[in-house]
Amino acid sequence: MAAEEASRSSPRFRREPKGRVSRQDKYSVLLPTYNERENLPFIVWLLVKSFSESGFNYEIIIIDDGSPDGTRDIAEQLEKIYGSDRILLRPREKKLGLGTAYIHGMKHATGNYIIIMDADLSHHPKFIPEFIRKQKEGNFDIVSGTRYKGNGGVYGWDLKRKIISRVANFITQILLRPGASDLTGSFRLYRKEVLQKLIGKCISKGYVFQMEMIVRARQLNYTIGEKLCSNFLSTILAV
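Residues numbered from 1 in each chain as written. Predicted model: local features only at pLDDT ≥ 70, side-chain atom pairs only at ≥ 80, totals over all residues. Heavy atoms only, no water.

Naming follows an unreviewed UniProt entry, where the protein chain appears as Dolichol-phosphate mannosyltransferase subunit 1 of Bos mutus grunniens. As recorded by UniProt, the Subunit (unreviewed entry) comment attached to the protein chain reads in full: "Component of the dolichol-phosphate mannose (DPM) synthase complex." UniProt's Function (unreviewed entry) comment on the protein chain is quoted here verbatim: "Transfers mannose from GDP-mannose to dolichol monophosphate to form dolichol phosphate mannose (Dol-P-Man) which is the mannosyl donor in pathways leading to N-glycosylation, glycosyl phosphatidylinositol membrane anchoring, and O-mannosylation of proteins; catalytic subunit of the dolichol-phosphate mannose (DPM) synthase complex." (UniProt positions renumbered as here; feature names shortened; annotations may be inferred.)

Below you can see the structure in the form of structure tokens.
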């Protein structure tokens, strides 16, 4: 009985009431970069705008992997413009993989929720408040953006990239039944302790890393919500 009560007091079981954002909630955005000199100012501006308008507490952690195009210099300027309490540059000397970038970023994250996304304008920050509301409504451990439900989709991809994404999702759905429609997407919100646990168990690198994260989440009985979100270009074209 004592053991059961102790387990329910652990972070895995301490959950907020559905639909309510706690004042203590903070969202740490992990933004791995490599040669994103041109995109980084724009994506950071959109992130700051989205969080400022929605009123959620946040920080943006830029993990630059030794970009030769001067991305780190741009990140340093952004840190000065927005303040080191909002923009945290935590660079590495070279490319060491996406999973290790997340691990590196989480070491510096002070939020209890982690948002992962790409810095190449694949993802529009305007969807983040919707992710947060979805998480609170269902008390989910993970909210994953999906391009393959309803009117979702991608624009600006070549045929090869579209086929690879579709086929990978289709095969995984048949073989593993993960309960999520978009396994290759990299726009997600996690409880921090959940992301830490998943990354510790994942062994994949490269393209299948995000797929393994969702599959292992299901194996560990974490709850997953999905939120429709188009890629950045399709969002602009819809305006």
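Moving on from the model shown.
**A look at the sheet that holds strand β6 (residues 188-191)**
The strand order across the open sheet formed by seven strands is β3-β2-β1-β4-β6-β5-β7, and the pairing between neighbours is mixed. Looking at strand neighbours, the two that pair on one side only are β3 (87-89) and β7 (224-228), the edges of this open sheet. Neighbouring strand axes in the sheet, compared pairwise and without regard to direction, differ in orientation by 20° on average. One ladder, built from seven bridges, connects strand β1 (residues 27-33) with strand β2 (residues 58-64); its direction is parallel. Each bridged residue has a counterpart across the sheet, and for Val-29 the counterpart in β2 is Ile-60. Against the sheet, helix α7 (residues 192-201) contacts β4 (113-116), β5 (142-146) and β6, and its axis sits at roughly 100° relative to β6. (Pairing = 2+ DSSP bridges. Helix = DSSP H or I, 4+ residues; strand = E, 2+ residues; numbered from the N terminus. Axes fitted to C-alpha atoms, helices over the stretch in contact; angles between N-to-C directions. Contact = heavy atoms within 4.5 Å.)

**Points about the packing of helix α2 (residues 40-54) against helix α3 (residues 71-82)**
Between α2 and α3, the shortest axis-to-axis distance is 10 Å and the interhelical angle comes to 30°. The orientation of α2 relative to α3 falls into the category roughly parallel. Handedness of the α2/α3 crossing: right-handed. On α3, the residues touching Leu-40, Pro-41, Val-44, Trp-45 and Val-48 of α2 are Thr-71, Ile-74, Ala-75, Leu-78 and Tyr-82. (Parallel < 35°, antiparallel > 145°, perpendicular 65-115°, else oblique. Left-handed = near helix turned anticlockwise from the far one by under 90°.)

**Section: the packing of aromatic side chains**
Within the structure shown, the criterion is met by six aromatic pairs. When the ring of Tyr-27 is compared with that of Phe-56, the centres are 5.9 Å apart and the planes differ by 65°; the resulting orientation is edge-to-face. A residue pair is termed long-range when its members are at least 10 positions apart, and Tyr-27 in strand β1 and Phe-56 in the loop between α2 and β2 qualify at 29 residues. Accessibility expressed as a relative area gives 1% for Tyr-27, which makes it buried. Among the residues examined, Phe-56 registers a relative accessible area of 13% and is labelled buried. Seen from their ring centres, Tyr-102 and Phe-209 are 6.1 Å apart, and the 40° between their planes marks the pair as tilted. With Tyr-102 in helix α4 (residues 98-108) and Phe-209 in helix α8 (residues 209-219), the pair connects residues that are 107 residues apart, well separated along the chain. Members of the aromatic cluster, connected to one another through ring pairs, are Tyr-27, Phe-56 and Tyr-113. (Phe/Tyr/Trp six-rings, centres within 6.5 Å; stacked < 30°, edge-to-face > 60°. Buried < 20%, exposed > 50% of the residue type's maximum accessible area, 1.4 Å probe, protein only.)

**Notes on helix α5 (residues 128-138)**
Of the residues making up α5, those classed as buried are Ile-128, Pro-129, Phe-131, Ile-132, Gln-135 and Lys-136. The buried residues of α5 occupy an angular sector of 160° when projected down its axis, which confines them to one face. In this structure, the buried residues of α5 make contact with β1, α2, β4, β5, β6 and β7. Looking at the residues trailing α5, positive phi occurs at Asn-139, about 55°. (Arc of directions from axis to C-beta.)

**A word on the confidence of the model for the protein chain**
Overall, the prediction assigns the protein chain a mean pLDDT of 80, with 69% of residues at 70 or greater. Long-range and interchain partners of residues 150-157, a stretch whose pLDDT sits below 50, account for 22 contacts in this model, where long-range means more than four residues apart. Across residues 233-239, where pLDDT falls below 50, the model places nine contacts with residues more than four positions away in sequence or in other chains. (pLDDT = per-residue confidence, 0-100.)

**Structural notes on the nonpolar core**
By size, the foremost hydrophobic cluster in this structure holds 32 residues, and its most contacted members are Leu-31, Leu-40, Val-44, Leu-47, Phe-51 and Ile-60. Those elements that place two or more of their residues in this core are β1, α2, β2, α3, β3, β4 and α5. For this core, the element with the highest residue contribution is α2, accounting for six residues. Contact partners of Phe-51, with chain neighbours within four places excluded, come to Tyr-27, Val-29, Phe-56, Tyr-58, Ile-115, Ile-128 and Ile-132. Ranked by size, the runner-up nonpolar core spans 23 residues in total, among them Leu-30, Met-106, Ala-109 and Ile-224. (Core = buried A, V, L, I, M, F, W, Y, C linked by side-chain atoms within 4.5 Å.)

**Overview of the side chain of Asn-139**
Structurally, Asn-139 is set in the loop between α5 and β5. Given a relative accessible area of 11%, Asn-139 falls into the buried group. At 3.2 Å, the side chain of Asn-139 forms a polar contact with the side chain of Arg-191. (Polar contact = N/O pair within 3.5 Å; in protein donor to acceptor, adjacent residues only side chain to side chain.)

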